[in-house]
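Summary of structural features
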Amino acid sequence: MAIAGAVVVPVGKEFEDDLKARLNSLREVEVQDVGSKGIAIVLEAEDAGRLKEVSEEINGWEEVIDFQLVYYNWEEV
């Protein structure tokens, strides 16, 4: 199991609500909070490869200016 914490920075405040909803629609993502620095999320997947895929997908969205990985942990089963 792989778990990561990240901050997603929207292009502008006007994109925050839509971005939050879009993040919540991903199975591997749970939005924790919205603050002045961005949207705090937790990602959880079966393996590190899937976390990387989801992170790269989010980072590629037009309304995202930055994706900052804050915490990463994995456990081998």
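What counts, and where the lines are drawn
- Residues numbered from 1 in each chain as written.
- Predicted model: local features only at pLDDT ≥ 70, side-chain atom pairs only at ≥ 80, totals over all residues.
- Heavy atoms only, no water.
- Pairing = 2+ DSSP bridges.
- Helix = DSSP H or I, 4+ residues; strand = E, 2+ residues; numbered from the N terminus.
- Axes fitted to C-alpha atoms, helices over the stretch in contact; angles between N-to-C directions.
- Contact = heavy atoms within 4.5 Å.
- Phe/Tyr/Trp six-rings, centres within 6.5 Å; stacked < 30°, edge-to-face > 60°.
- Patch = residues over 30% accessible without salt bridge, like charges linked within 9 Å, V, L, I, M, F, W, Y side chains within 5 Å.
- Areas by Shrake-Rupley, 256 points an atom, 1.4 Å probe, with all protein chains shown as cover.
- Salt bridge = Lys/Arg side-chain N within 4 Å of Asp/Glu carboxyl O.
- Lys, Arg positive; Asp, Glu negative; His and termini not counted.
- Charge placed at Lys NZ, Arg CZ, Asp CG, Glu CD.

For the rest of this paragraph, the subject is the sheet that holds strand β1 (residues 2-10). If you walk across this open sheet you meet the four strands as β2-β3-β1-β4, and the pairing is antiparallel. The outermost strands of the open sheet, each flanked by one partner alone, are β2 (29-35) and β4 (64-74). Between one strand and the next, the sheet's axes are offset by a mean angle of 20 degrees, whatever the strand orientation. With six bridges connecting them, β2 and strand β3 (residues 38-45) associate as antiparallel partners. When the bridges of β3 are listed, Gly 35 appears paired with Gly 38.

Of note, Lys 20 is situated in helix α1 (residues 16-24). Each C-alpha atom, one on Lys 20 and one on Glu 30, is 9.5 Å from the other, the two residues being 10 residues apart in sequence. What Lys 20 contacts, discounting residues up to four positions off in sequence, is Val 31, Val 34 and Ile 39.

Time to look at the packing of aromatic side chains. Counted according to the given criterion, the structure contains one aromatic pair. Considering the side-chain rings of Tyr 72 and Trp 74, the 5.3 Å spacing of their centres and the 35 degrees angle between planes classify their relative orientation as tilted.

Before going further, it helps to examine a negative patch on the surface. A surface patch of negative charge is lined by Glu 30, Glu 44, Glu 46 and Asp 47. Relative to the elements of secondary structure, Glu 46 occurs in the loop between β3 and α2 (48-59).

Any functional reading would require information beyond the geometric quantities listed.
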